[in-house]
Amino acid sequence: MDNIQQNAQQSLRRAVVVAGNRIPFARAGGAHANASNQDMLTAAIDGLVARAGISGERLGAVAGGAVLKHSRDFNLTREAVLGSALDPATPAFDIQMACATGMETVSTISNKIRVGQIEAGIAGGVDSASDAPIAVSEGLRRALLQLQRAKTPTQKLKALKNLRPNDLVPAAPTTGEPRTGLSMGEHQALTTQQWGVSREDQDQIAASSHQNLAAAYDRGFFDDLVTPFKGVSKDNNMRADSTVEKLSTLNPVFGKKLSGEATMTAGNSTPLTDGASAVLITSEDWASEHHLTPMAEVVDSEAAAVDFVSGNEGLLMAPAYAVPRLLARQGLTLQDMDLIEIHEAFASTVLAIMAAWESEEFCRDRLGLSEPVGTVDRSKLNVNGSSLAAGHPFAATGGRIVASTAKELAARAKAEGRPQTALISVCAAGGQGVAMILRSV
Amino acid sequence: MTRSAEQLPTVPENYEQVQPAAKPNLGLLYATAGASAAGGFASDAAARALPALRKSPLGKVLPASLLNRGGDRLRAALEVPKIAHVVEGLTVDAEWHEKFCRVVHATPRPLVPGSSETAVFSGALHSLAFPVAMSVLTRQDFPLPVMGMVHLTNSVQHVMNVAVGEELTATAWTENLRTHRAGTVVDAVVTLTRNDGTVVWAGRSGYLAKGQTAAIAGEGARTSEEEWTDSSLTVPFNAPQQTAQWSLKADTGREYAGVSGDYNPIHLSGPSAKALGMKGAIAHGMYTASRALAATGVPSEVPFSWSVEFAAPVLLPATVAVSVHDDGRREHWNGSRVIAWNPKRNKPHLELVVKPL
């Protein structure tokens, strides 16, 4: 058995990240308010194609997706490809795994390359909280569908007869979990309380996120990762002068009905954002044939899910399970990581996950480990800022993190003269999460 | 743990079983009871809010007990009619059942795994049986005023699954009249039986007639403080860990009325509820009970009992905090408990306990 697995591993090729591109993320209702998902995803892909010099190329696959999706966007990624500079003979497909959508597209494209199905592909995602689909109410929808099926005038009248004035009020999308009715923020407030995460720690994570992102912009880190879009050249949620003191003045917005202090504010929670990202992943051969320099290898990824409906586990705690499983499979520990990226859905999500890994009780009872996973060295955490500063257009976040991390790994490997490894963790609605390991090449 | 058939409620021996002349119609029953409220005792506001009811010809044939609500005390000794109403040929309509399930967020399940037939949700069976119970409660010889009665408790034995479309007989009666610190409590009992006589479902609802105190005839009279003691809904209320939230819109009562047929004005709108002494429209107790039941992990093929105790009413619109706890899952399921409360005022709304039969 071991032999078969080893052989299987050996026959796999390496999938490498060679380039990344995104449009600046913009707060919802702002700069990108009139851009559709398709506009933004096309812009992200086109920017990537231009940067990599692969205009007119037929790629093996493009995987993308959006969390908030119009029904007309059934083939969103394929439509974006058709509108892009890629060869129209490039196939494309959509994936949806809530906020982990981007991570899952990277994983899927990498795996296709690793098993030899394709040579090169793009993984990406997009979301618009501004151009969100507004659905008609359930009553109106059913009446309209019945009307469509109706053949006689009597049947048509009957279909409309049951309509009530309230049915004309549209249903806007919410961040509520369908099974619990609680918003993501309220779910996280429960986890925050459970882990006793302090307000100050959360504000510290938020301030660092803004400061790190601003510093990365200042040193030109994003020059070959971001393409301006609609007059915006930087993520407009970023506040370079953010400090713990300033953040401490904000009023809490989540967990106000819980006993104990409410600590989650608009400052330490991610805002609704519009944006898109795309990552070019190829085989090593394809990269060299196209004179592209690999930045990092996509080593492996692991998805996890938790039972949050019963309250047995926090909604956004799945990465706490995915990461230890992934590390174990790769024979690695937290201490082997040179960079750690934990998606900042909320500052307290990052802190609760890290607290779980430090907890002997959690690691024993929930993960079945004899020792805690370990402590995250804060100097390795989200070094170029994360979602609290950049914003979080749900499906676009995975591509943002993978591209930035791959570039940082390559730079550090070159500077330090030794290979560098990074861990990425992204939580998602539905109690899901995806972890990934990247390594410099 | 198995419960023998003896513990299912049966019509007391000295009761007469009668078939009501027509199938009970809730709309008419409420018109009857509502008109009595408007005409008999309620404020001018009630009369203004319920002109249609007041003018209703049904008001002229009101039960004397409903009209005579001027006094706080009923003078004569109370006695429930020794009558059971039997209605045959009831069926659950497929389209209605789907609607009902949508409204209370229940997932329709197959009769048995792999079956093409759909099992009727237990809360929907209550709605099927409810008009028959109401027909007894609104009888002329029923001694308590129905309008304004408070639904205190509800317990159901779901003995076996019923298929959508299956023919059932409902038998309803009242019994167990007893005093309560806030008035008088009576049980309305309904059983649903198959044509072969098997009882598939039995429900017992405890209703409180507030402020109605009187001597109770017979030996069965007793006080019912026990309904308030053996529960998690203690004062002060200790909220459990929240697992879910219900965001109930102002039209929740109208929506549930639409599928349950329970058009009690206290659920329909602010003015109609205020006319009957409520602060505003309140959610149906059985709506919240059905939503709570639908949120549990009770396996579809297991016979079970569920009982709900209602505390503070849910004033609409409302944000209700909910805690759903399942003891085990699937074949290891050993019971469920749901508590719903008002998180702002830390006041409990209901507690539902589900157990295998």
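Residues numbered from 1 in each chain as written. Chains lettered and ligands numbered in written order. Predicted model: local features only at pLDDT ≥ 70, side-chain atom pairs only at ≥ 80, totals over all residues. Heavy atoms only, no water.

S.K.: Help me understand the overall build of chain B in this model?
M.R.: Regarding its fold elements, chain B presents 10 helices and 13 strands. When the 357 residues of chain B are sorted by exposure, 55% land in the buried category. Counting contacts in chain B only where the partners sit at least 6 residues apart, residues at least 24 apart contribute 75% of the total. Counting every atom, chain B has about 16100 Å² of accessible surface; 51% of that belongs to carbon and sulfur. (Helix = DSSP H or I, 4+ residues; strand = E, 2+ residues; numbered from the N terminus. Buried < 20%, exposed > 50% of the residue type's maximum accessible area, 1.4 Å probe, protein only. Contact = heavy atoms within 4.5 Å. Areas by Shrake-Rupley, 256 points an atom, 1.4 Å probe, with all protein chains shown as cover.)

S.K.: Would you explain the packing of helix α5 (residues 94–103) of chain B against helix α6 (residues 122–137) of chain B in this entry?
M.R.: Each pair of packed helices gets described by two things: the angle between the helix axes and the distance between those axes. Residue and element names in this part refer to chain B. Two elements in contact, α5 and α6, have axes separated by 10 Å at closest approach and are oriented at 120°. Classified by the angle between their axes, α5 and α6 sit oblique to one another. Classified by chirality, the crossing of α6 by α5 is right-handed. Contact residues: W96, H97 and F100 in α5; G123, A124 and S127 in α6. (Axes fitted to C-alpha atoms, helices over the stretch in contact; angles between N-to-C directions. Parallel < 35°, antiparallel > 145°, perpendicular 65-115°, else oblique. Left-handed = near helix turned anticlockwise from the far one by under 90°.)

S.K.: Even after reading the chapter, I still don't get the confidence of the model for chain B, so can you show me in this structure?
M.R.: For any part of a model where pLDDT is low, the fine detail of the predicted coordinates should not be relied upon. Residues and elements named next belong to chain B. Mean pLDDT for chain B: 82, with 76% of residues reaching 70 or above. Per-residue pLDDT stays below 50 along residues 34–75; that stretch engages in 57 contacts with residues further than four places along the chain or on separate chains. Considering only residues more than four positions removed or in separate chains, one finds that residues 224–230, a stretch of pLDDT under 50, has 15 contacts. Reported confidences for the modelled complex are a pTM of 0.84 and an ipTM of 0.78. (pLDDT = per-residue confidence, 0-100.)

S.K.: Help me understand the state of the cysteines, please; the structure alone is not making it clear to me.
M.R.: Two cysteines whose sulfur atoms are joined by a covalent bond form what is called a disulfide. All names here are of chain A. With the rule as written, the count across this model stands at zero disulfides over all chains. With no disulfide of its own, C363 lies 18 Å from the sulfur of C427, the closest cysteine sulfur. The class of C363 is buried, set by a relative accessible area of 0%. (Disulfide = S-S within 2.5 Å.)

S.K.: Honestly, the pattern of salt bridges in this entry has me stumped. Any pointers?
M.R.: Oppositely charged side chains can form a pair if their charged atoms are brought close together. Evaluated as defined, the whole model comprises 25 salt bridges over all chains. With a shortest N-O distance of 3.3 Å, A:R219 and A:E408 are connected by a salt bridge. Residue A:R219 is found in the loop between α8 (199–218) and α9 (244–247), and its partner A:E408 is found in helix α15 (residues 397–416); the two are separated by 189 residues along the sequence. A residue is classified by how much of its surface remains accessible, and A:E408, at 9% relative accessible area, is buried. B:D187 is the partner of B:R204 in a salt bridge, and the nearest nitrogen-oxygen pair spans 2.8 Å. Of this pair, B:R204 sits in strand β8 (residues 199–210) while B:D187 sits in strand β7 (residues 183–193), and the two are 17 residues apart along the sequence. What makes B:D187 buried here is its relative accessible area of 4%. What you see here is one network of salt bridges that share partners, running through A:D300, A:E302, A:R325 and A:R329. (Salt bridge = Lys/Arg side-chain N within 4 Å of Asp/Glu carboxyl O.)

S.K.: Would you mind showing me how to read helix α7 (residues 184–194) of chain A here?
M.R.: Helical geometry: 3.6 residues make up each α-helical turn, so side chains three or four residues apart lie on a common side. Residues and elements named next belong to chain A. Within α7, eight of the 11 residues are buried, which leaves it mostly tucked inside the rest of the structure. As for α7, its buried residues are in contact with α8, β6 (252–254), β7 (264–265) and α12 (347–358). Of the residues flanking the end of α7, it is G196, one or two places downstream, whose phi is positive at about 60°.

S.K.: What exactly am I supposed to notice about the sheet that holds strand β10 (residues 304–310) of chain B here?
M.R.: Adjacent strands of a sheet pair through backbone hydrogen bonds, lying either parallel or antiparallel. Residue and element names in this part refer to chain B. An order of β1-β2-β6-β7-β8-β5-β10-β13-β12-β11-β9 is seen for the 11 strands of this open sheet, with the pairing classed as mixed. The open sheet has two edge strands, β1 (16–18) and β9 (244–248), and neither has a second partner. Recorded for the sheet is a direction-independent mean angle of 20° between the axes of neighbouring strands. Packing of α6 onto the sheet brings it into contact with β2 (83–90), β5 (150–158), β6 (168–180), β7, β8 and β10, and relative to β6 it is tilted by some 65°. (Pairing = 2+ DSSP bridges.)

S.K.: Whenever I open this one, the interface of chain B and chain A confuses me. Can you help?
M.R.: Many structure descriptions define interface size as the accessible area lost when the parts assemble. Counting from both sides, the interface comprises 13 residues of chain B and, opposite them, 14 residues of chain A. Roughly 1100 Å² is buried in total at the junction of chain B and chain A, and carbon and sulfur atoms are behind 45% of that figure. Considering only the surface of chain B that becomes buried against chain A, B:R102, B:T243 and B:Q245 emerge as the three largest contributors, covering 40% of it. Scanning the region where chain B abuts chain A turns up one salt bridge. A salt bridge links A:D307 to B:R329; the shortest N-O distance between them is 3.6 Å. Scanning the region where chain B abuts chain A turns up one residue pair in polar contact (both at pLDDT 80 or more). Those elements that provide at least two residues to the side of chain B that touches chain A are β9 and β11 (318–326) of chain B. Broken down by class, the residue content of the side of chain B that touches chain A amounts to three nonpolar, five polar and five charged. (Buried area = accessible area lost by both parts, 1.4 Å probe. Polar contact = N/O pair within 3.5 Å; in protein donor to acceptor, adjacent residues only side chain to side chain. Nonpolar A, V, L, I, M, F, W, Y, C, P; charged D, E, K, R; others polar.)

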